[in-house]
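Descriptive analysis of the structure
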Amino acid sequence: MTKSISKGRLWTARVMYGLALLFMLFDSISKFMMPAPVVEGTVQLGYAEHHIVVIGALGLIATILYAIPRTSVLGAVLLTGYFGGAIATHVRLDNPLFSHILFPVYIAILVWGGIWLKDDNVRKLIPFRQKGD
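Residues numbered from 1 in each chain as written. Predicted model: local features only at pLDDT ≥ 70, side-chain atom pairs only at ≥ 80, totals over all residues. Heavy atoms only, no water.

Looking at an unreviewed UniProt entry, one finds the protein named DoxX family protein and attributed to Paenibacillus allorhizosphaerae. Within the UniProt record for the protein, the comment given under Subcellular location (unreviewed entry) is "Membrane". (UniProt positions renumbered as here; feature names shortened; annotations may be inferred.)

Right, dumping it as structure tokens:
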């Protein structure tokens with residue numbers, strides 16, 4: 001998965017990966033515990049209370065796949081779909097752009113950025129063009 005990469009790049013990847021992982025674990029597990037703020041927030045987004053555990057399970061499965069190095073790209077793809085649903089929900093409710101609608105994009109940048117920095121195959125799949133290309 002990794003060739004020889006600089007320590008700075010490796011640590012940046014680990015931090016991005018870790019932040020995304022911690023956020024998604026917290027988010028998913030809190031949906032199983034169902035504290036009042038999670039229930040209230042989910043209902044305000046237009047979902048029924050009985051959907052909370054299903055949403056949490058989907059997020060947790062994708063997050064676990066992301067946490068396992070061999071399946072991290074599959075997990076990232078599934079999380080991207082999960083984030084798309086969150087974006088669509090906030091757009092539908094006409095929520096603020098930078099704090100609500102784009103928040104899943106920020107997490108997706110952490111998810112994919114961490115993988116991109118460490119994995120040559122992902123960098124080949126999603127290359128940044130050099131000047132003159």
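There's more to say after this.
Remarks on the overall build of the protein
When you go through the protein residue by residue, the secondary structure sums to 7 helices and 0 strands. In the protein, the succession of helices and strands from N to C terminus is α-α-α-α-α-α-α. C-alpha extents for the protein along the principal axes are approximately 50 × 30 × 20 Å. In the protein, buried positions account for 32% of the 133 residues. Long-range pairs, those at least 24 residues apart, make up 64% of the contacts in the protein between residues at least 6 apart in sequence. Total accessible area on the protein stands at roughly 8500 Å², and carbon and sulfur atoms take up 70% of it. (Helix = DSSP H or I, 4+ residues; strand = E, 2+ residues; numbered from the N terminus. Buried < 20%, exposed > 50% of the residue type's maximum accessible area, 1.4 Å probe, protein only. Contact = heavy atoms within 4.5 Å. Areas by Shrake-Rupley, 256 points an atom, 1.4 Å probe, with all protein chains shown as cover.)

Looking at the UniProt feature "transmembrane region" (unreviewed entry) in the protein
In this structure's numbering, the residues bearing the UniProt feature "transmembrane region" (unreviewed entry) are residues 12–30, 50–68, 73–91 and 97–117. Spanning residues 12–30, this segment combines 100% helix with 0% strand, and its end C-alpha atoms are found 27 Å apart. Here residues 50–68 is 84% helix and 0% strand, with 29 Å between the C-alpha atoms at its ends.

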